[in-house]
Amino acid sequence: MSLTQAASDDELAEILIQAPEPRYVAPTNRDRIGRVWVPVYLNGKGPFRLVLDSGATRTAVVPSVAQRLGLDTSKSPQVRLRGVTGIAIVPTIRVNTLIVGDLQLSPTVLPIVADAFGGAEGLLGIEGMADKRIYIDFRNDFINVSRSKSKPAEAGFTTLPMLRRSGNNMMVNATIGGVRALAIIDTGAQASVGNLALYKALERRFKAGEATKDEIWGASGDMQAGEGRVVSPIQMGNIDIRSAHVTFGDMNIFSHWKVTSEPALLIGMDILGLVDTLVIDYKRRELMIKLQGRR
């Protein structure tokens, strides 16, 4: 997800929206589709449960959070919220402090988004994460946000280097159905979505009569229809993902990330939630994955 912040009502300026130390480990849980909820403190209050969203450049909250903080949104600047499927203009609030683990922001502006996170109170974006390491243990339901110590992955992990591409920090190389492609890791997405270039490259492999009609809803509240297909294998490093359901479509976010002409796949929590442990080390620019059953 990306955001564009408004300087005024008439002029909109662009802003784009994996051994833990026990003292930074915080209990978490997941919604019904596996997205991680992170306990976040705002202005010393909370914790508020926000969805960890590696595809968002800014943190955003639902209206009830602004109410609990006693902040008025009627006179706040507006921002243009860009989600996977579209764009919406939304109000903002300004908070003095945002704290989760070693991440501390002060002050910061938070967009107000629709209450559409399955009970979560917003999303936690990557602002301030440049020198941080996020450790997510899905099996034991905890998350650790700490300063990166530039340590390599522990035994049992597969390490994937993040590509240096403008507009998104969470791209890695992948091979999908034998086709070289970009994989975009998005912990805030409920479903995995492929662009039309990937669909065209795989079209001959699809079986007639096995397509499904899918709907993808973005943080902006917009819906885009797509065609669902079973894709196999998705290979990242030495990781093979078999028989994954992927929705293909001309989604708005692919144009924003400028990945319409080359095959690309946004990997959401329908796939990511199946792993044992996920580590995102922003300082090392590495994604580290430990599969279930691997020691």
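Everything discussed here concerns the structure shown above.
Residues numbered from 1 in each chain as written. Predicted model: local features only at pLDDT ≥ 70, side-chain atom pairs only at ≥ 80, totals over all residues. Heavy atoms only, no water.

(A) Structural context of the overall build of the protein. Regarding its fold elements, the protein presents four helices and 26 strands. Out of the 295 residues in the protein, the part that is buried amounts to 56%. Working note: accessible area of the protein is about 13400 Å², and carbon and sulfur atoms make up 47% of it. (Helix = DSSP H or I, 4+ residues; strand = E, 2+ residues; numbered from the N terminus. Buried < 20%, exposed > 50% of the residue type's maximum accessible area, 1.4 Å probe, protein only. Areas by Shrake-Rupley, 256 points an atom, 1.4 Å probe, with all protein chains shown as cover.)

(B) The arrangement of the packing of aromatic side chains in detail. Counted by the stated rule, this structure contains four aromatic pairs. Between Tyr199 and Phe206, the ring centres sit 5.3 Å apart and the planes meet at 45°, which makes this aromatic pair tilted. Judged by centre distance (5.7 Å) and plane angle (55°), the rings of Phe206 and Phe248 are tilted. A residue pair is termed long-range when its members are at least 10 positions apart, and Phe206 in the loop between helix 2 (196-202) and strand 19 (212-217) and Phe248 in strand 23 (residues 244-248) qualify at 42 residues. We classify Phe248 as buried; its relative accessible area is 3%. Chaining the aromatic ring pairs together yields one cluster made of Tyr199, Phe206 and Phe248. (Phe/Tyr/Trp six-rings, centres within 6.5 Å; stacked < 30°, edge-to-face > 60°.)

(C) Inspection of the sheet that holds strand 23 at higher detail. Ordered in space as 19-20-23-18-24-17-16-21-22, the nine strands form an open sheet in which the pairing is mixed. In this open sheet, the two strands that pair with only one neighbour each are strand 19 and strand 22 (239-241). Bridging between strand 18 (residues 193-194) and strand 24 (residues 264-267) involves two bridges; their strand directions are antiparallel. Residue pairing across strands places Val193 opposite Leu266, the latter belonging to strand 24. (Pairing = 2+ DSSP bridges.)

(D) Representation of the nonpolar core in the model. Judged by nonpolar contacts, the single largest core of 72 residues is most densely connected at Leu42, Leu98, Leu124, Ile134, Ile176 and Met236. No other element matches strand 4 (residues 36-42), which puts five residues into this core. Within the second largest apolar cluster, 15 residues are counted, among which are Leu163, Ile184, Val259 and Leu266. (Core = buried A, V, L, I, M, F, W, Y, C linked by side-chain atoms within 4.5 Å.)

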